[in-house]
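Overview (structure and organization)
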Amino acid sequence: MPTLRSVLEKTHQHEFDNPPTLTSPQRQFCFQIDEALKPILRGLDLPINQVGFLLQLGYFKVTTRFFPLATFRKKDWAFVVRRLHLAQEPIRFQAYADSTMRYHRQLILEYMQVEAFRGKVHRQCQEESDQLVAKGLRLPAVFGSLCDYLRLNRCEIPTYSKLASIINRSLNRFNTTIERTLYTHLQADQKTLLANLLLQLPGEDGVIPPNSPLLLTQLRDTDELMSVRAIRHNIAQLRHLKEVYYQCLPLIQALALPDALLESYALQVMRSRGWQVKQWKSRELYLLCFVQYQYYYVSDVLTKTFITAVQEHTHQCERKQERHRLGSYQQNLEQLRIILLCYIQQAKLIQNRPTPAFNFLTWFLDAIDDRDQPATQLFLQQLPQVEELFEQLNAQVKDVDFLDRVEAESLKLQTRVGDIMRYLELRVEPHATPLREALLYYQAHQGQLNDEAPIDFLPSKVRSVIKNQTGKLRVSLYKALLAQQVLRGLKNGLVYVPTSHQHKSVDPYMIDEPKWQSQKVDLLRQAGMTHLADWSAVRDRLAASLNAQLKQTTDRIHSGQNQFFEKRPNHAWRLITPTLAELEAADIDIFPQDRIISLFEVLETVNRSCGFVDCFQATRQGHGPQRPSSILFLAGIMSLGCNLTTGRFAKAAKNISGSSLETTVRNYFNSANLERANDRVSGLIEQISRSGLLPLLETVQRSASDGQKYKVAFNSIHSTNSGKYFGKEKGITIYSFLNNVHNLFYSTIFSASDREAWYVIDGLLHNDVIRSDVHSTDSHGATELIFAVSYLLGIDFQPRMSHLSQKTLYGLEGMDMKALSQLVGHLGPTVDERLIGFQWDRILKLLVSLHLKQTLASLVMKRLNSYAVHNPLYRALGELGKLVRTDFILRYMDEEGLRHRIHQQQEKMESAQVLSRAVAYGNNGVLQYANQEELQTMEGCKRLITNVIICWNYLYMSRLLLQSTESERALLLSVLPRTSPVAWQHINFHGEFNFDEDAVRDPLEDSLEAILSYESKLS
């Protein structure tokens, strides 16, 4: 019998199979009795039946499912009893019969017009599950999508066990189909190639040493540094993977695995030992996925290497040329002064001579031919210097001197990128014919160029100097200029790498066109976007909202109701937002003041509460070594999260073996496990915040995101220069997301030079904890594209924008903007509705692709941004974003409360970033990792520690409320709304000072006498 896999974590299973925890306003809504419900209640003969019916109905309104009687909440039961005016007699749970409960459920389904989960609904749910599993989604995502599907189609949602059984049945069917396809199409030579990956590498003499690594081990260890050795290692990887990939390509195409599933299988190989992979059933499938995934990944690494190397080469040439020109200027300044002086003297000499009327030319020649004159002699002596300065100036005007500098520095660049351009699958868009011909010529000739190399891709003024005086091609200059043009193509969308994860063209990231056209209705339904199918309807809704907000904002300003809008000269304006009144300081200490809590104690306490250490699982459960103790996991989290590295941490810690800690981190620590551990802690934070014990500030789910810069110790391909943040060093950006209860629910890492706006949508869609209603960023995350996509995804995007009065406002055709034009000076033309209409189908395809997690939004955003000038999809989204941004700015001008909420949410984000910076104190905050997976693992540990501290603070505040008297509770409830759980003054990150006499392990003073007497012995 197939194994039944767990779909949700145990805590999430328990939460799903139990009624929701309702607040008082939510109870008022769920258990209200309208006129349509009164006849049904009167038809129920016994009070217990009325209570049970209304309670089940209220829960069903919220969740679309039914719950066992034993899980009913006493507070809700008591509220319903009072609502029905039945409090005069006791009504017990046990009196509610099972048969009556089942009958009531049928009544509720009819009353709510919802279909029961049986028969046709069950079959449709199984079909939907089959489709979701075939997309390669994670099991929790499949579970959530099934619930959304049933809710959208007004069907009852069953218990966890029923849904889990459906999903497992889909998994078993899918795996059976994949295995059948694999062994039907697997050829003998392909099987041999894959089997060779699990063989040890021979030495130079052809003999296999006992400790020789597997070929698989060599191919998965990518070096993500900028050194020449690292680049050569990665090129060798690429060439081997490329050979295996193309020989297995027919099999890969026959399987047609979704990207998410392919990545999941490949990462299992990446995170397992070679001897484990050898024991797997269907290991050919996993190795095949590894080959494709790793080939694409190495292509990404080499593409980033190419981009960084060419950029560094260009910047270095520019800096050297600038220094050279400055030096030449200083050197030639004196000669230029002498030349000008000679010119002035000679000009005055000529000017003072009388001018004969009969022959001006004769007079001029006589004047300058007077060689005995000192001024004339000096003038003629300067001729060589004048010619030299002229040549220098002429070279600078034509950039000839800069090209000479590029040529001189070309060999270093070729050492880095020559092989990359030869072996990386760089493709050029068809309309860029000259560049495509040049690149194909370079690759066909393996970089060995001659005078026939195409030069049409170069600007005309460069083509005139690309060959020397004898007509020979300046090969070094040509290669450097070709690399620069390829780099420019990668940035503007003309060049792409089809066999990569991050550098494809735009369309492969979205649902393929035939599937979109044939299944558009079903895909829109799956994504819950049927209301967006018609652009004209969306346009009308947006126009109505914009017109209403425009009228309200302008009327309130003109009437004087908006006292915070100030008109300034030259059509400028500003908003004067008063600060919120500060609460008086309470005479009470919330967090511990009598002692410092060790970080280990904080981690251990929260782990006992939610068991986040259980999320650290080996890639595959098998006959491996015994699972390490929880202490080793906590030590690994502290060593990586605090940026101390495991080796240094083990030396400073007691009762921790360095080898055991290294083994634990190597076998169990990866970004996927840390994501699950963070989700576990985040879930506990959400449960505590909804428990009703702590004061609930608002029910709207708000979130915020912001980036934080960190220096990196190594010359990694993922780090870039930023003079503002790192000086002459390099670093990365860690972009984090936080909701209104201070829960850090998502983070990602990217280059410090990347735009933060590209990654905003990632955190909102690709997390399994938070579904945000309102999202805020600072100005770096706010672009017209993000406004448009957020609006269409149903997220109210509310950024904190700087220089707001300088933003241009836009309207639709026929919209009266006269009243607004009297207030603001920056009004743009009406948006291009026709372009939006033409591109609406592609916009929908993009939205559905993002919502169904076909791809990461950041990948599409980056590629669209590179196509900014040419791509109509990008321009259409920009036009739509102009309208959405205008609507937001009008609301921002009008609502003081909105401005305060945005500011408060961003302040929460900034305080969490300060805590994150305090956590990563090791090595002066300079990160000690270079590879993407290493950086993500470190960030996962850092975020886990931050979430654990916040969770511990929530637990501590809740315990204070539970143990307080009525008067103390009243005081605490008045203080807690302004007490942030993002506090760490009571946390000890650095360990404890030990003053025990036995703590001195190596008493050096015993050697003092020998040290001091050493010189006398020599004498």
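Relevant structure appears above.
Below you will find a few notes about this structure. (Residues numbered from 1 in each chain as written. Predicted model: local features only at pLDDT ≥ 70, side-chain atom pairs only at ≥ 80, totals over all residues. Heavy atoms only, no water.)

Now for helix 23 (residues 475-492). Taking 1.5 Å per residue, 18 residues should reach 26 Å; helix 23 reaches 26 Å between its end C-alpha atoms and fits that length. Within helix 23, 13 of the 18 residues are buried, which leaves it mostly tucked inside the rest of the structure. Two residues or fewer past helix 23, Gly-493 is found with a positive phi of approximately 90°. (Helix = DSSP H or I, 4+ residues; strand = E, 2+ residues; numbered from the N terminus. Expected span 1.5 Å × (residues − 1). Buried < 20%, exposed > 50% of the residue type's maximum accessible area, 1.4 Å probe, protein only.)

Another point: the packing of aromatic side chains. All told, the structure shown has 32 aromatic pairs when counted by the stated rule. Seen in terms of ring centroids, Phe-31 and Phe-79 are 6.1 Å apart; in terms of plane orientation they differ by 45°. Their pairing is tilted. Linking Phe-31 in the loop between helix 2 (24-30) and helix 3 (38-42) with Phe-79 in helix 5 (residues 74-83), this pair joins segments that are 48 residues apart in sequence. According to the relative accessible area criterion, Phe-79 is buried, its value standing at 10%. Within the aromatic cluster, the residues linked to one another by ring pairs are Tyr-735, Phe-737, Phe-745, Tyr-746, Phe-750 and Tyr-759. The ring centre of Phe-16 lies 3.9 Å from the NZ or CZ of Arg-65, which sits over that ring. Against the face of Tyr-892 rests Arg-899, its NZ or CZ located 6.0 Å from the ring centre. (Phe/Tyr/Trp six-rings, centres within 6.5 Å; stacked < 30°, edge-to-face > 60°. Lys NZ or Arg CZ within 6 Å of the ring centre and 35° of its normal.)

To continue, consider the pattern of salt bridges. Using the criterion set out here, one finds 36 salt bridges in the structure. Notably, a salt bridge pairs Asp-419 with Arg-422, separated by 2.1 Å at the nearest N-O pair. Of this pair, Asp-419 and Arg-422 both sit in helix 20 (residues 410-423), three residues apart, roughly one helical turn. Judged by relative accessible area, Arg-422 falls into the partly exposed class, the value being 22%. With a shortest N-O distance of 2.5 Å, Glu-910 and Arg-800 are connected by a salt bridge. Here the residue Glu-910 occupies a position in helix 39 (residues 896-919), and Arg-800 occupies one in the loop between strand 11 (796-797) and helix 34 (818-821), the gap between them amounting to 110 residues. With a relative accessible area of 23%, Arg-800 lands in the partly exposed category. By sharing partners, the salt bridges in this structure join Glu-312, Arg-416 and Lys-730 into a single network. (Salt bridge = Lys/Arg side-chain N within 4 Å of Asp/Glu carboxyl O.)

It is worth spelling out the nonpolar core at this point. Core analysis: the biggest nonpolar cluster contains 115 residues, and Phe-306 and Val-486 have the highest contact counts within it. For this core, the element with the most residues is helix 15 (residues 283-352), which contributes 19 residues. Each residue touching Phe-306, except ones within four places of it in the same chain, is listed here: Val-417, Ile-420, Met-421, Ala-483, Val-486, Leu-487 and Leu-490. (Core = buried A, V, L, I, M, F, W, Y, C linked by side-chain atoms within 4.5 Å. Contact = heavy atoms within 4.5 Å.)

All quantities given are derived from atomic positions and should not be read as evidence of function.
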